[in-house]
Amino acid sequence: MIAAFGIRGRCARCDMTFELKPWQLNAIAIDEPFECVYCQSGLQLRGRKQQRQFRALDQWALVRPSMIILTCVTLLVALVAEWVGLLSVIEQLNLSLVTVLIHCLVLRFARHRQRMTLDLQAVSPLPIEQLARVACARLRQR
Ligand SMILES: [Zn+2]
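Per chain, residues are indexed from 1 in the order of the written sequence. Under the rules for a predicted model, residues below a pLDDT of 70 receive no local features and side-chain atom pairs below 80 are neither given nor counted, while totals for whole chains, interfaces and linings still include all residues.

Draft legend 1. Geometry of the overall build of the chain. Strands here are runs of E lasting at least two residues and helices are runs of H or I lasting at least four, both read from the DSSP assignment and numbered beginning at the N terminus. When its secondary structure is counted, the chain shows four helices and five strands. Starting at the N terminus, the α and β elements of the chain follow one another as β-β-α-β-β-α-α-β-α. Computed over C-alpha atoms, the radius of gyration of the chain comes to 22 Å, more than 25% over the 14 Å expected from 2.2 N^0.38 for 142 residues, which places it beyond the range of a compact globule. With respect to the principal axes defined by its C-alpha atoms, the chain has extents near 70 × 30 × 25 Å. With C-beta atoms placed from the backbone, a residue is labelled by how many other C-beta atoms lie within 10 Å of its own: buried for 20 or more, exposed for 12 or fewer, partly exposed between the two. Looking at the chain residue by residue over its 142 residues, the buried ones come to 12%. For a compact globule the rule gives 2.2 Å times the number of residues to the power 0.38, and the radius of gyration it is set against comes from C-alpha atoms.

Below is the structure:
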């Protein structure tokens with residue numbers, strides 16, 4: 001399941017760009033075609049490079065929770081180090097400040113990497129059983 005937002009898709013047929021909904025991202029993840037919002041043609045993600053980019057989104061989604069844990073642990077360790085006398089108050093404050101700064105920078109970078117526009121190729125009109133599967137996927141999202 002992909003927890004990323006701000007991923008957009010461009011339809012190859014009508015050249016419209018739109019924000020991908022979670023069920024559309026799921027369809028891409030399981031390699032199922034889905035309808036373009038504008039021209040109703042079947043769309044699918046093609047190309048190895050784009051597919052690799054898409055798969056990497058899962059890893060980028062993990063950056064945020066792991067960074068929160070890492071930052072909290074570092075701040076706690078700095079605080080304890082100050083209490084037991086390993087660090088002075090100034091050193092502790094500096095370390096905390098740098099940690100928070102790194103935290104913000106990493107999250108910014110991760111968000112930047114998650115924001116992408118996928119070029120979606122039009123596939124032949126969807127066969128009826130695929131339409132049914134798309135409808136099921138859409139229903140499951142609710
Ligand atoms: Zn279209």
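Draft legend 2. Region of interest: the UniProt feature "transmembrane region" (unreviewed entry) in the chain. UniProt annotation of "transmembrane region" (unreviewed entry) refers to residues 61-81 and 93-110 when read in the numbering used here. Span residues 61-81 is 100% helix and 0% strand, its end C-alpha atoms 31 Å apart. Along residues 93-110 one finds 100% helix and 0% strand; the C-alpha atoms at either end are 26 Å apart. UniProt positions are given in the numbering used here, feature names are shortened, and annotations may be inferred rather than shown by experiment.

Draft legend 3. View of helix H1 (residues 22-29). When H1 is considered as a whole, its buried residues turn out to be Gln24, Leu25, Ala27 and Ile28. The buried residues of H1 all sit within an arc of 155 degrees when viewed along its axis, so they share a single face. Following H1 by one or two positions, aspartate 31 adopts a phi angle in the positive range, close to 65 degrees. Summarising the geometry, the arc corresponds to the directions from the helix axis toward the C-beta atoms.

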